[in-house]
Amino acid sequence: MKKSSFGVVFSLLLVAVVLFSKACWAADFLNPVEDVQKCDRALHVMAMLLVGFGFLMVFVKKYGRSALTATFLLVSVAIPLYICLNSSGLFGGFKPGVEGLILAEFAAAGLLICAGAVLGRLKMSQYILLGLLFVPCYMLNEWILLSGGLGLLSKGGFADTGGSIVIHAFGALFGLGLIMTMTTQKEFETPIETDAVSDRFSMLGSMVLWIFWPSFCAALVPVARVPQTVVNVVIALCGATLATYITSCVLRRKISIADIANASLAGGVAIGSTCDHANPGSSIIIGLCAGVLSVFGFAVIQSWLQKKIAKVDTCGVMYLHGLPGLMGGIAAVFVVSGLNNRIQLTGIVFAVSLAFLSGYVSGRVLELFGRRVTAYEDAEEFLDA
Amino acid sequence: MKKSSFGVVFSLLLVAVVLFSKACWAADFLNPVEDVQKCDRALHVMAMLLVGFGFLMVFVKKYGRSALTATFLLVSVAIPLYICLNSSGLFGGFKPGVEGLILAEFAAAGLLICAGAVLGRLKMSQYILLGLLFVPCYMLNEWILLSGGLGLLSKGGFADTGGSIVIHAFGALFGLGLIMTMTTQKEFETPIETDAVSDRFSMLGSMVLWIFWPSFCAALVPVARVPQTVVNVVIALCGATLATYITSCVLRRKISIADIANASLAGGVAIGSTCDHANPGSSIIIGLCAGVLSVFGFAVIQSWLQKKIAKVDTCGVMYLHGLPGLMGGIAAVFVVSGLNNRIQLTGIVFAVSLAFLSGYVSGRVLELFGRRVTAYEDAEEFLDA
Amino acid sequence: MKKSSFGVVFSLLLVAVVLFSKACWAADFLNPVEDVQKCDRALHVMAMLLVGFGFLMVFVKKYGRSALTATFLLVSVAIPLYICLNSSGLFGGFKPGVEGLILAEFAAAGLLICAGAVLGRLKMSQYILLGLLFVPCYMLNEWILLSGGLGLLSKGGFADTGGSIVIHAFGALFGLGLIMTMTTQKEFETPIETDAVSDRFSMLGSMVLWIFWPSFCAALVPVARVPQTVVNVVIALCGATLATYITSCVLRRKISIADIANASLAGGVAIGSTCDHANPGSSIIIGLCAGVLSVFGFAVIQSWLQKKIAKVDTCGVMYLHGLPGLMGGIAAVFVVSGLNNRIQLTGIVFAVSLAFLSGYVSGRVLELFGRRVTAYEDAEEFLDA
């Protein structure tokens, strides 16, 4: 990291402080008990962001320290940046307090997803830059889809409570855009190695994501619908986990632990858009389909596509977050009664396009700051590694 | 896994979907805030099931991927199956929403306990089958003991808030029944190896169980008694942990990390029946006794019994869940005022008998589906292991 | 551990049981829902104590089983002991129920901090003795600073909601006092080794502390101020994490994963005193400064001081808890409006002096019980290690 970059980072931090000083507290004293319950869910989401996403990415054997440090940095960039921009009013009205925090965490989730696509091929400072580029694009998309921003879609018409489209598909397609601009021949030929230890850490991340996914989906749901949402998400995750095991056995000769760690979560991704409208029956169907689709992605599409475009999606985010997210967004057409299907489908197409495009442009910007010498290894940037 | 098995599994999933479509929401809008608090505890219990039980079983060095995958599958079978059967009304009235979810998690806990007894000696598909066999037996026992099912015990007369008997002793004795039908000579002679990494993962599982045990016991306790229950459980766990260390030092020349990881939790197992009636004094006594009893089981009874019956209880579930659970159920006679001792003791004897018997029969059924070639190794069923 | 020690331990446990029998429930039925919310935060704090502090200390490669066992024992000694002494009324009025539990957890946090300074150089039984010595000193300090004990400071005049001084600085300086009495020449020359596995476990502990720190600071805050407190703590942690990365890069040629795992948490330590009074602007400034200060401590002060005094602070608690804690206590002078600065500064000086002195005396007492033969290795006390 050059000294000039430090100047840039410190200037940005200074701007942050100034912006923050404007973000005064507009505490909502009407429902303090319910706000504290939101705080609980905010911490559950934080567990998903750090231990969940972080350790899921530790499957890369020699890149564990880097993956965890990158997770810390991505979260620590995304959350204050979101709160700053949110308080600036640039993307619609200011959401104060814990609601703003949860929305910021959602942005951090999207950022971690797109970073998963290029994991191991960015310098640590470039992850920070990626965060600075991603968050405004994410907020623009969120504003347009969920709050009627720019008047493109009528407010409240788009169903995406748990973020199948706004968080998961957006993050994955941003990541796809990113990788179109990178992956050298040498990186393409470097195997991404795992071992028994990194696999177990990865399963830890996966389980933490699974456990707290109901809080993620229910984070901002009105109190009376929280229990229903929680049960739906659990059922969808159970369905995806069973489908993952069966599909992994069928499509490969043996079980792939990477399928189990990743595709089991596809139920949570896919139930997002409909988590507060589904019933147990539709939840299990969505979960089962998402598990099958995700394993099919990992086992069949990934190797075919990577050869075709000669690019690497390190964590396979297209198959855990991309396809199941799109499936979840489309499922809303069948599950949510009274939904305007035109708005739902227009929104999906818009989000996909914006994500891919902004990801591509961000990748070009990141390129200007150079590349790692060795991919997927801690030793280049860490002491004693 | 044969193709015929897939047919069976998919048929069962279809049946599940049909049953689920009946499980409509009977949301309780009277106490939404309290229901959300139950949701929080439901997620804490989920953390115990997946990270807690899952990683506790990772102590088997070469079987970590399998233990974690089995945990995922057992939970994903038990919860939807319980919710289906619950909504069918087969075992008493339908408990909707988050209460039903928590009861389903309790069943999953019992299932994970009995699976711990045969860990490493079942094929992955047999864990799923085990789940299908265990849950109906569990529900029958739960119904008879706690809801006056079949009129055998008068409703409400059996004290077991945190499941010392219904969950822990039942699961352990079901596991004892299971192992009576298996363990080949070769398996008996195969050492169950651990190493520094698997020990640390196991301690992670143990700590997660310890941390959230108060939520497990208080999951369905009325709001006004939750704080008391939480403090009692913490005190019992502290007592068991101290007693475990001392007893481990006394009975062995050095400390056994397996004792620490397991017997420290015996306080939580034993306080279950009385967690909402005890006071700090009785809680610490129950905890101390449970720790001593559990270490005595692991250090003395286990090796003696295993030689005697030539069977292996992989995780020692009899000594963590079995004996301390029975102790907890009996302790209710002394701690809970106004308890009908005849009902309490009859219930315990009934649960023990039903568990052992149904475990034995389930083991015979599992036998029909063959056996693993190599015990305690991932490589037989996993890619790249 | 000699037989005589067992006698002592069992006698103490007996005394505990007698004291406990007095600790009857004075349940507060006025706000049961809010009490249950406190229970949630109490469990979050427990996750920090066991998985957080425990795994953060697993960075010592060959001492993982011991560090985790010590964590279990320290927590299991501190919590019942605090509850006993609390119910005895020796240090001010009795705080019943979940409030008493949370205060006991705070004491356990302080104890874990001071134990971090001597980690790897005490026998397991000496950790228990350390707990018995620490808790009364901690309670004396807490009583004087926060409840006007002995009439030294006027009650309510000292700002320290999240324990920057009472927990973090007190624990760290008690630890500094401890190490003044120990570290043999051989121990001083023994390197404290880490590897890729122990580093990843350490990051797990760090992340769990980070995630639940908002609950730690907000544990006893009135319900209406909890959301604000939570957001402030998250912002401070983000600031510290970013500052840690940048400072680690600047002061060392490469990133140190130990800096990331530790100094990222300094924001939580430093925001403690002011967490319920700060705004986002002051929170990020406190976080940034704490991160810089902590890394400076680890990278510059630690090696200089260790050489100078020929003592080892195993976990560097002075640089994670000591300096950032003092900074946080002093920051209250600038952030909390209407604070009596004389009381705040007198309290800090008093806490520092009492901590160092009582730590030194405790170290002399611990010396009487001998020393380990080999530092930083499980094998001396554990089977199969």
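1. Things to note about the overall build of chain A
Thought 1: Of the regular secondary structure elements, chain A holds 14 helices and 0 strands.
Thought 2: Counting from the amino terminus, helix and strand elements in chain A follow one another as α-α-α-α-α-α-α-α-α-α-α-α-α-α.
Thought 3: Taken against the 2.2 N^0.38 rule, which gives 21 Å for 385 residues, the C-alpha radius of gyration of chain A at 20 Å falls within 12% of a compact globule.
Thought 4: Overall, chain A is about 55 × 55 × 35 Å in size when its C-alpha atoms are taken along their principal axes.
Thought 5: When burial is assessed residue by residue, chain A has 65% of its 385 residues classed as buried.

2. Quick notes on the interface of chain C and chain B
Thought 1: Contact with chain C, which involves 48 residues of that partner, is made by 48 residues of chain B.
Thought 2: For the side of chain C that touches chain B, the secondary structure elements donating two or more residues are α1 (3–22), α2 (32–56), α3 (64–88), α4 (97–117) and α8 (196–218) of chain C.
Thought 3: For the side of chain C that touches chain B, the leading source of residues is α2(C), giving 13 residues.
Thought 4: Looking at the side of chain C that touches chain B residue by residue, the class counts come to 37 nonpolar, 6 polar and 5 charged.

3. With respect to the packing of α8(C) against helix α9 (residues 226–251) of chain C
Residues and elements named next belong to chain C.
Thought 1: One way to put it is that α8 packs onto α9 with a least axis distance of 9 Å and a crossing angle of 140 degrees. As summarised for this structure, α8 and α9 are arranged oblique, according to the angle between their axes. Crossing of α8 against α9: the hand is right-handed. Contact residues: Trp 210, Trp 213, Pro 214, Cys 217 and Ala 218 in α8; Val 226, Thr 229, Val 230, Val 233, Val 234 and Leu 237 in α9.
Thought 2: Along the lines of polarity and charge, the residues of the contact of α8 with α9 split into 10 nonpolar, 1 polar and no charged.

4. Some words on the interface of chain A and chain C
Thought 1: Facing 48 residues of chain A, the contacting portion of chain C comprises 48 residues.
Thought 2: Secondary-structure elements contributing two or more residues to the side of chain A that touches chain C are α1 (3–22), α2 (32–56), α3 (64–88), α4 (97–117) and α8 (196–218) of chain A.
Thought 3: Ranked by residues supplied to the side of chain A that touches chain C, first place goes to α2(A) with 13 residues.
Thought 4: Its residues placed into classes, the side of chain A that touches chain C shows 37 nonpolar, 6 polar and 5 charged.

5. With respect to the environment of Phe59(B)
Residues and elements named next belong to chain B.
Thought 1: Examined against the element boundaries, Phe 59 turns out to sit in the loop between α2 (32–56) and α3 (64–88).
Thought 2: By C-beta crowding, Phe 59 is classed as buried, having 28 other C-beta atoms within 10 Å.
Thought 3: As for Phe 59 and Thr 194, which are separated by 135 residues in sequence, their C-alpha atoms are 5.7 Å apart.
Thought 4: For Phe 59, the contacting residues outside a window of four places in its chain are Thr 194, Ser 198, Asp 199, Ser 202 and Ala 258.

6. A word on the relation of the copies chain A and chain C
One copy of the chain maps onto the other through a rotation about an axis plus a displacement along that axis.
Thought 1: Superposing chain A onto chain C takes a rotation of 120 degrees combined with a translation of 0.0 Å along the rotation axis, leaving an RMSD of 0.0 Å. Such a combination of rotation and displacement between the chain copies is what one expects of a three-fold axis.

7. Topic: the confidence of the model for chain A
Thought 1: The pLDDT averaged across chain A works out to 92; a share of 92% of its residues lies at or above 70.
Thought 2: Reported confidence for the predicted complex is 0.95 by ipTM and 0.96 by pTM.

8. Here's the deal with the relation of the copies chain C and chain B
Thought 1: With an RMSD of 0.0 Å, the fit of chain C onto chain B corresponds to turning through 120 degrees and sliding 0.0 Å along the axis.
Thought 2: By residue overlap, the copies meet through two different surfaces: only 6% of the interface positions of chain C are interface positions in chain B.

9. Observations concerning unusual backbone geometry
Thought 1: Even without being glycine, Tyr376(A) reaches a positive phi, approximately 60 degrees.
Thought 2: Examined against the element boundaries, Tyr376(A) turns out to sit in the segment after α14 (341–367).
Thought 3: A count of 22 C-beta atoms within 10 Å places Tyr376(A) in the buried class.
Thought 4: Its identity is not glycine, yet Thr183(C) carries a phi of approximately 75 degrees, on the positive side.

10. A few points about the nonpolar core
Thought 1: Counting residues in hydrophobic clusters, the biggest one holds 464 residues, and the most contacted among them are Ala78(A), Ala78(B) and Ala78(C).
Thought 2: The residues touching Ala78(B), leaving out its near neighbours within four places in the chain, are Ala104(B), Ala107(B), Ala108(B), Leu111(B), Gly131(B) and Val135(B).

11. Regarding the packing of helix α13 (residues 317–335) of chain C against helix α14 (residues 341–367) of chain C
Residues and elements named next belong to chain C.
Thought 1: Closest axis-to-axis distance for the α13/α14 pair is 9 Å, and the angle between their directions is 170 degrees. The angle between the axes of α13 and α14 places the two elements in the roughly antiparallel class. Between α13 and α14, the contacting residues are Leu 326, Gly 329, Ile 330, Ala 332 and Val 333 on the first element and Asn 341, Gln 344 and Ile 348 on the second.
Thought 2: For the contact of α13 with α14, the per-class residue count stands at 5 nonpolar, 3 polar and no charged.

12. Some thoughts on helix α5 (residues 124–147) of chain A
All names here are of chain A.
Thought 1: In a regular helix each residue adds 1.5 Å, so 24 residues correspond to 34 Å; α5 covers 34 Å between its end C-alpha atoms and thus fits that length.
Thought 2: Extensive coverage of α5 is indicated by the burial of 19 of its 24 residues.
Thought 3: Looking one or two residues past α5, Gly 148 carries a phi angle of roughly 65 degrees, positive in sign.

13. Focus on α8(C)
Residue and element names in this part refer to chain C.
Thought 1: Compared with an ideal rise of 1.5 Å per residue, which puts 23 residues at 33 Å, α8 spans 34 Å between its outermost C-alpha atoms and is within 8% of the ideal.
Thought 2: The axis of α8 is deflected most strongly, by about 50 degrees, at Phe 212, and proline Pro 214 appears within four residues downstream.
Thought 3: Across the 23 residues that make up α8, a large majority, 21, are buried.

14. So, the environment of Ala290(C)
Thought 1: The topology assignment puts Ala290(C) in helix α12 (residues 280–309).
Thought 2: Look at Ala290(C) and you get buried, because 33 C-beta atoms sit within 10 Å.

15. Describing the environment of Ala172(B)
Thought 1: Its place among the elements puts Ala172(B) in helix α6 (residues 164–180).
Thought 2: Not counting chain neighbours up to four residues away, the residues in contact with Ala172(B) comprise Ile113(B), Val317(B), Met318(B), His321(B), Gly322(B) and Gly325(B).

What counts, and at which threshold
Residues numbered from 1 in each chain as written. Chains lettered and ligands numbered in written order. Predicted model: local features only at pLDDT ≥ 70, side-chain atom pairs only at ≥ 80, totals over all residues. Helix = DSSP H or I, 4+ residues; strand = E, 2+ residues; numbered from the N terminus. Rg over C-alpha atoms; globule rule 2.2 N^0.38 Å. Buried ≥ 20, exposed ≤ 12 C-beta atoms within 10 Å, placed from the backbone. Contact = placed C-beta atoms within 7 Å. Nonpolar A, V, L, I, M, F, W, Y, C, P; charged D, E, K, R; others polar. Axes fitted to C-alpha atoms, helices over the stretch in contact; angles between N-to-C directions. Parallel < 35°, antiparallel > 145°, perpendicular 65-115°, else oblique. Left-handed = near helix turned anticlockwise from the far one by under 90°. Least-squares fit on C-alpha atoms with pLDDT ≥ 70 in both. pLDDT = per-residue confidence, 0-100. Core = buried A, V, L, I, M, F, W, Y, C linked by C-beta atoms within 7 Å. Expected span 1.5 Å × (residues − 1). Bend = angle between axes of the 7 residues up to and from the residue.

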